[in-house]
Amino acid sequence: MQLWNNYETVRKRSETICAPLKTEDYVVQPVVDVSPPKWHLGHTTWFFETFLLRPNVPGYTEFDPDYNFVFNSYYESVGARVIRTNRGNLSRPAVEDIMRYRAYVDKAMQHFLDQQLTPALEELVILGLNHEEQHQELLYTDIKYILGHNPLFPPYCKEKPAGITKPVSGQAEMLSIPGGIYEIGYQGDGFCFDNELQRHPVLLQPYAISTQLVSNREYLAFMDAGGYRDFRHWHAEGWDWVKTQQVSSPLYWHYIDGQWMHYTWQGLQPLAPDEPVCHVSFYEAAAYAAWKGLRLPTEFEWEAAAPQLQWGQRWEWTESAYLPYPGFVKAPGAIGEYNGKFMVSQMVLRGGSEVTPPGHSRITYRNFFHPQLRWQFMGIRLAAGS
């Protein structure tokens with residue numbers, strides 16, 4: 001019963017996130033990294049149908065056999081799929097069809113969860129719920145990109161949809177962390193993703209880490225000082241990115257009639273100077289840190305210091321490449337494609353943001369993105385030392 005309650009809660013939350021949308025909003029895909037909201041709703045449903053119902057319910061009838069092609073994301077072992085860049089061309093299935101699909105699978109899952117499950121199947125259900133919660137965060141992120149790139153800048157809602165973003169107040173301090181051996185990685189009986197395992201010791205040299213995130217006001221000083229025009233602050237790839245993409249400010253910032261504005265959940269608003277800067281790439285975060293004569297923390301430094309920090313307002317870039325921990329083992333079959341195949345050419349972020357689902361802002365959670373991306377709620381914390 002508890003598992004079904006958890007399932008029902010998670011599934012309803014996805015639809016609640018989409019409730020403020022117009023039907024037309026569900027289909028838009030402005031760039032390759034953004035998926036249409038209706039695709040998220042279908043894909044998370046496909047996960048339960050493909051990995052739980054089809055292999056474990058005798059005589060189960062798929063809602064629509066074509067949906068495996070439409071809603072498979074990247075699972076090579078499950079078959080062919082619509083390439084990511086074409087998700088926005090899927091005018092069909094319609095939103096109403098996807099909602100019927102969700103109801104069909106939910107009804108089958110209710111019957112499935114009424115029976116006694118093996119520990120392995122129960123773990124797979126829990127993975128599916130955490131997977132959908134990850135897509136809930138992506139739903140928020142993608143919806144903001146869709147609406148924030150509409151020339152009318154339509155608001156999503158009257159108030160912020162999730163966590164509260166607190167202003168950066170007072171002077172940031174550098175917290176000194178002694179060198180030594182620290183245990184890194186998840187430990188406990190609760191859920192974690194495979195990339196948080198295995199727990200292992202890491203030797204850290206003494207370092208310092210900021211008690212606060214970088215604010216919009218502080219980042220604006222970097223811009224006013226010509227930060228986007230001075231190659232000395234940038235990695236070579238970052239400098240190429242700045243020139244090629246003609247980047248001169250964080251995502252969603254617009255200079256209008258002599259003042260900086262930014263797109264928010266409530267539409268286009270004057271820039272809030274004391275909020276933590278958001279929607280910056282790794283390149284921008286590293287350049288700002290270099291301009292300050294500092295650096296970004298490694299993911300191990302971040303995790304070691306996290307109990308003494310306030311975090312959860314922004315995903316915080318680290319200077320650590322996304323790599324497996326010692327002893328990491330991919331699960332067999334399609335589930336093994338979940339994290340391990342992405343451990344190349346990406347950087348780790350830690351913490352969480354105002355749209356991170358409950359339970360996903362834990363100290364050991366490892367988010368990861370390519371260094372040029374910034375549509376996620378990404379911010380900056382500074383570090384110093386060897």
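Above: the structure in question.
Remember, predicted model here, so these are calculated numbers, not experimental data. (Residues numbered from 1 in each chain as written. Predicted model: local features only at pLDDT ≥ 70, side-chain atom pairs only at ≥ 80, totals over all residues. Heavy atoms only, no water.)

*Asks:* Tell me about helix 6 (residues 216–224), residues and numbers included.
*Replies:* Taken as a whole, helix 6 has its buried residues at Asn216, Tyr219, Leu220, Phe222 and Met223. With its buried residues spanning 150° around the axis, helix 6 presents them on a single face. On its buried side, helix 6 packs onto strand 5 (253–256), strand 6 (259–264) and helix 8 (282–291). Positioned one or two residues after helix 6, Gly226 has a phi angle of 85°, which is positive. (Buried < 20%, exposed > 50% of the residue type's maximum accessible area, 1.4 Å probe, protein only. Helix = DSSP H or I, 4+ residues; strand = E, 2+ residues; numbered from the N terminus. Arc of directions from axis to C-beta. Contact = heavy atoms within 4.5 Å.)

*Asks:* Can you break down the packing of helix 1 (residues 2–18) against helix 4 (residues 95–113) residue by residue, with the values?
*Replies:* As a packed pair, helix 1 and helix 4 sit with axes 10 Å apart at the nearest point and diverge in direction by 170°. By the angle between their axes, helix 1 is roughly antiparallel relative to helix 4. Contacts between helix 1 and helix 4 pair Leu3, Trp4, Tyr7, Arg11, Ser14 and Glu15 from the former with Met99, Arg102, Val105, Asp106, Met109, Gln110 and Leu113 from the latter. Grouping the constituent residues of the contact of helix 1 with helix 4 by class yields seven nonpolar, two polar and four charged. (Axes fitted to C-alpha atoms, helices over the stretch in contact; angles between N-to-C directions. Parallel < 35°, antiparallel > 145°, perpendicular 65-115°, else oblique. Nonpolar A, V, L, I, M, F, W, Y, C, P; charged D, E, K, R; others polar.)

*Asks:* How would you sum up the state of the cysteines? Please name residues and give values.
*Replies:* Tallied over the full model, the rule gives zero disulfides. Here Cys278 is not cross-linked by a disulfide; its sulfur's nearest cysteine counterpart is in Cys157, at 15 Å. (Disulfide = S-S within 2.5 Å.)

*Asks:* Any details on the environment of Met347? Residues and values, ideally.
*Replies:* Positionally, Met347 belongs in strand 9 (residues 347–351). The exposure class assigned to Met347 is buried, which follows from its relative accessible area of 13%. Sequence spacing of Met347 and Ser320 is 27 residues, and the spatial spacing of their C-alpha atoms is 5.9 Å. Beyond its immediate stretch of four places on either side in the chain, Met347 contacts Phe282, Trp317, Thr318, Glu319, Ser320, Ala321, Tyr322, Asn367, Phe368, Phe369 and Pro371.

*Asks:* Describe the sheet that holds strand 4 (residues 207–210), naming the residues involved and giving the relevant values.
*Replies:* With antiparallel pairing, the three strands of this open sheet are ordered in space as 1-4-12. At either end of the open sheet lies a strand with only one pairing partner, and these are strand 1 (174–177) and strand 12 (383–385). Recorded for the sheet is a direction-independent mean angle of 25° between the axes of neighbouring strands. Sheet analysis places strand 1 next to strand 4, joined by four bridges and oriented antiparallel. Opposite Met174, over in strand 4, you have Ser210 as the bridge partner. (Pairing = 2+ DSSP bridges.)

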